[in-house]
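Take a look at the letters that make up each chain.
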Amino acid sequence: MKVLVTVKEVAEVDDEVEISGLDVAEGSLEYDLNEWDDYAVEEAVQISESNDGVEVVTVTIGPERADETVRMALAKGADRAIRVWDEALEGAQFLDIGTKADIIAAVAEAEDPDLILSGVQASDDSNGATGVALAERLGFEWAAVVNDLELDAEAGVASVHRELEGGIEELTDVELPAVLTIQTGINEPRYASLRGIRQAQRKPLDTESLDDVGLDASVTDSPVERTSMYEPESESDAVVWDGSADETAGELAELLREKGVVEG
Amino acid sequence: MTVLAVAEHRRGDLRDVSFELVTAGRELAADLETDLAVAVIAGDVERFAEELNREGVDTIYAVGNGEEFNHGIYMGAIEGLCAELDPTALLLPNSVNGLDYAPAVAGALDLPLVTDVSGIECGETVEVVREQYGGKVETTYEIDSERYALTLRAAEWPPAEPAGDAMIEAFQADVDEDALGTTVKGFEEVGSGDVDITDADVLVSVGRGIGEEENVPLVEELADALGATLSSSRPIVDNGWLPQNRQVGQSGKVVTPDVYIAVGISGAVQHVAGMKGADTIVAINSDPNAPIYDIADYGIVDDLFEVVPRLIEAFGGQAPEV
């Protein structure tokens, strides 16, 4: 059995965000594995640990810089990694949902996995759509926002909980092959061990161009164009107390007493 | 040409976002000088259609296939309706279920898709607004296409109120319900337990800013000192530091206490959805740009580890060493 995990490296934006043109300025950014993908990697590794003969392959769209993040997924237990990048992707203004789904679908068609795990969303774009778009392109089944997964590999069924709004979970059986988008909290992502980090250096990490995966630059064509990026205007009309922590805590204590809050 | 909005319901009730989609759809249809059609799929669609009959809706399609949400049925129904209506704009909810079918529908119909849209400007082309990087930036996108699909963020448009005079039409989707690849087995309510945070008059809520599990007792002590109930934002529950019944937000509980004190909570939209109804909101967060301050009534922009111990002491408690 093969499990493909989509892994994205995302920029962590500080409290003070700096915008340059149509994107956040690169200089000040730190990069990390997308939080949702961390849970997806963990889920895939757990599947490989509790079943025989499971290979976990990660797929990433991103520049060379992302290799560090990809190696982290390998250090956590993925077996092999693929990263797609080339000049056409580098030159694109941004990659829309369809473009990303097309590229990952091209990789998935070559890899032929039984199961694809993808984060619910990436913390940068917050599209929340690539996994389901990918399933449609592959003709796979899917389930979005999964926070519990039991796999019956022999029967070819994934029994999942989908986390709906308001503390309700939907219990659903999904036929494989399928794409599941993984919600945070489904497991406890491990930290990479030193041994894992050493081993990751020797695991295969293939870099492929669009041409290598059977696509060309036209995959980046999109009718959707980013036209601006800006910091949202603060709608705050909060009373913000100034002063030392003694003073501000005192102000708040006074307010709470006015509101009828008393010693518990 | 038409605008087609798809309603959402769950376990017998239309969800609020359905009426917000009607408002957004009505505005967009007016800009495009076209009709607004609303589709409601599965379950008691005749009753839902009556409820959705609000001002500005021209036609409501009641699609009687299936009982609860299933993306296979929704896809079949929407593809069938699109074949008939050829809508310019397909408006879908940016909900958990909306995101379970919107990307697939857009793919199957070859429509550009923009998700989590919070504003629509219609000129010669359509331009939409959305947030990125956890609400730290807003972006606008121009969609240069004759047809497109958007998922709309909840609570950005007011719900459509007055009754309308729409035509209600029954529609049958061409879907083989026995051949669906996903089967919904049932539902489960989570987060019940000893404490019901929705009952509390005063909530002290802890978020990611607390840093480490061993610091949580500091906020717990504050709740105790105030005679309040302890709640939290999502990351605290994801980390297993507090049980699920303490979680405030879109996927947790919706709370409406008299006083809500957010400690180290940035105020992501999913969290705000669960607590914006509180009478008085107080934020303690060192980031002055945190979105929590957009809805807070009072704030202390300072290190919570400086402020919280002093507040505990002001109410006669003793701050634990963390």
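Residues numbered from 1 in each chain as written. Chains lettered and ligands numbered in written order. Predicted model: local features only at pLDDT ≥ 70, side-chain atom pairs only at ≥ 80, totals over all residues.

This next bit is on the overall build of chain A. Per the secondary structure count, chain A includes seven helices and 15 strands. By principal-axis analysis of the C-alpha atoms, chain A measures approximately 65 × 45 × 40 Å. Residues counted as buried form 47% of the 264 residues belonging to chain A. Within chain A, counting contacts between residues at least 6 apart in sequence, those at least 24 apart form 70% of the total. (Helix = DSSP H or I, 4+ residues; strand = E, 2+ residues; numbered from the N terminus. Buried ≥ 20, exposed ≤ 12 C-beta atoms within 10 Å, placed from the backbone. Contact = placed C-beta atoms within 7 Å.)

Our next topic: the confidence of the model for chain B. Here chain B averages 95 in pLDDT, while 100% of its residues score no lower than 70. With a pTM of 0.94, the predicted complex shows an ipTM of 0.95. (pLDDT = per-residue confidence, 0-100.)

Now for the packing of helix α5 (residues 130-138) of chain A against helix α4 (residues 98-108) of chain B. A pair of packed helices is captured by two measures, namely the crossing angle of their axes and the spacing between those axes. One can describe the packing of α5 of chain A onto α4 of chain B by two numbers: an axis separation of 8 Å at closest approach and a directional angle of 45 degrees. Judged by the angle between their axes, α5 of chain A and α4 of chain B are oblique. Note on packing geometry: the crossing formed by α5 of chain A with α4 of chain B is right-handed. Across the interface between the two elements, Val-132, Ala-133, Ala-135, Glu-136 and Arg-137 of chain A of α5 of chain A pack against Leu-99, Asp-100, Pro-103, Ala-104, Gly-107 and Ala-108 of chain B of α4 of chain B. Along the lines of polarity and charge, the residues of the contact of α5 of chain A with α4 of chain B split into seven nonpolar, one polar and three charged. (Axes fitted to C-alpha atoms, helices over the stretch in contact; angles between N-to-C directions. Parallel < 35°, antiparallel > 145°, perpendicular 65-115°, else oblique. Left-handed = near helix turned anticlockwise from the far one by under 90°. Nonpolar A, V, L, I, M, F, W, Y, C, P; charged D, E, K, R; others polar.)

A few words on the interface of chain B and chain A. Every contact between the two is made by 78 residues of chain B and, on the other side, 73 residues of chain A. Among the elements that make up the side of chain B that touches chain A, the one with the highest residue count is strand β12 (residues 182-189) of chain B (eight residues). The residue makeup of the side of chain B that touches chain A, split by class, is 34 nonpolar, 22 polar and 22 charged. Bridge count between strand β15 (residues 239-240) of chain A and strand β17 (residues 298-300) of chain B: two bridges; the pairing is parallel. Bridging across to β17 of chain B, Val-240 of chain A finds its partner in Gly-299 of chain B. (Pairing = 2+ DSSP bridges.)

Next up on the list: the sheet that holds strand β7 (residues 113-122) of chain B. In space, the ten strands of this open sheet follow the order β14(A)-β9(B)-β8(B)-β7(B)-β10(B)-β6(B)-β1(B)-β4(B)-β5(B)-β11(B), with mixed pairing throughout. Single-partner strands in this sheet number two, and they are β14 (224-230) of chain A together with β11 (167-171) of chain B. Neighbour-to-neighbour, the strand axes of the sheet open up by a mean angle of 35 degrees, direction not taken into account. With four bridges connecting them, strand β1 (residues 3-6) of chain B and strand β4 (residues 36-41) of chain B associate as parallel partners.

Further remarks concern the nonpolar core. Counting residues in hydrophobic clusters, the biggest one holds 186 residues, and the most contacted among them are Ala-178 and Leu-180 of chain A together with Val-38, Ala-39, Val-40 and Val-219 of chain B. Among the elements that make up this core, the one with the highest residue count is helix α4 (residues 97-111) of chain A (eight residues). Residues in contact with Ala-39 of chain B, not counting those within four places in the same chain, are Leu-4, Val-6, Ala-7, Tyr-61, Val-63, Ala-77, Ile-78 and Leu-81 of chain B. (Core = buried A, V, L, I, M, F, W, Y, C linked by C-beta atoms within 7 Å.)

Turning our attention to the sheet that holds strand β6 (residues 55-61) of chain A. Strand order across the open sheet formed by ten strands is β13(A)-β7(A)-β6(A)-β1(A)-β8(A)-β12(A)-β9(A)-β10(A)-β11(A)-β12(B), with mixed pairing between neighbours. Lying at the two open borders of the sheet, with one neighbouring strand each, are β13 (205-208) of chain A together with β12 of chain B. The sheet shows a mean angle of 30 degrees between the axes of neighbouring strands, taken without regard to direction. Both strand β1 (residues 2-6) of chain A and strand β8 (residues 115-119) of chain A contribute to a ladder of three bridges, which runs parallel. Among the inter-strand pairings, Leu-4 of chain A is bridged to a residue of β8 of chain A, identified as Ile-116 of chain A. Where α4 of chain A meets the sheet, it contacts β1, β6, β7 (80-84) and β8 of chain A, and its direction lies at approximately 150 degrees from that of β6 of chain A.

This part takes up the domain arrangement of chain B. All names here are of chain B. Looking at the assigned domains, one finds that chain B contains domain 1 (3-179) and domain 2 (197-314). Using C-alpha coordinates to define each centre, domain 1 is positioned 34 Å away from domain 2. Facing the four residues of domain 1 at the interface are four residues of domain 2. (Domains from an automatic or database assignment.)

So, on to the pairing of strand β12 (residues 178-182) of chain A. Residue and element names in this part refer to chain A. For β12, the tally of buried residues reaches five of five residues, placing the bulk of the element in the interior. Every second residue of β12 is oriented toward a common face, with Ala-178, Leu-180 and Ile-182 on one face and Val-179 and Thr-181 on the other, all of them buried. In this sheet, β12 lies alongside β8 in parallel orientation, the contact comprising five bridges. Residue pairing across strands places Gly-119 opposite Ile-182, the latter belonging to β12. With four bridges joining them, strand β9 (residues 141-152) and β12 adopt parallel strand pairing. Opposite Trp-142, over in β12, you have Val-179 as the bridge partner.

Attention shifts here to helix α2 (residues 67-75) of chain A. Along α2 of chain A, the residues classified as buried are Thr-69, Val-70, Met-72, Ala-73, Leu-74 and Ala-75 of chain A. Among the residues trailing α2 of chain A, Gly-77 of chain A stands out with phi positive, at a value near 130 degrees.

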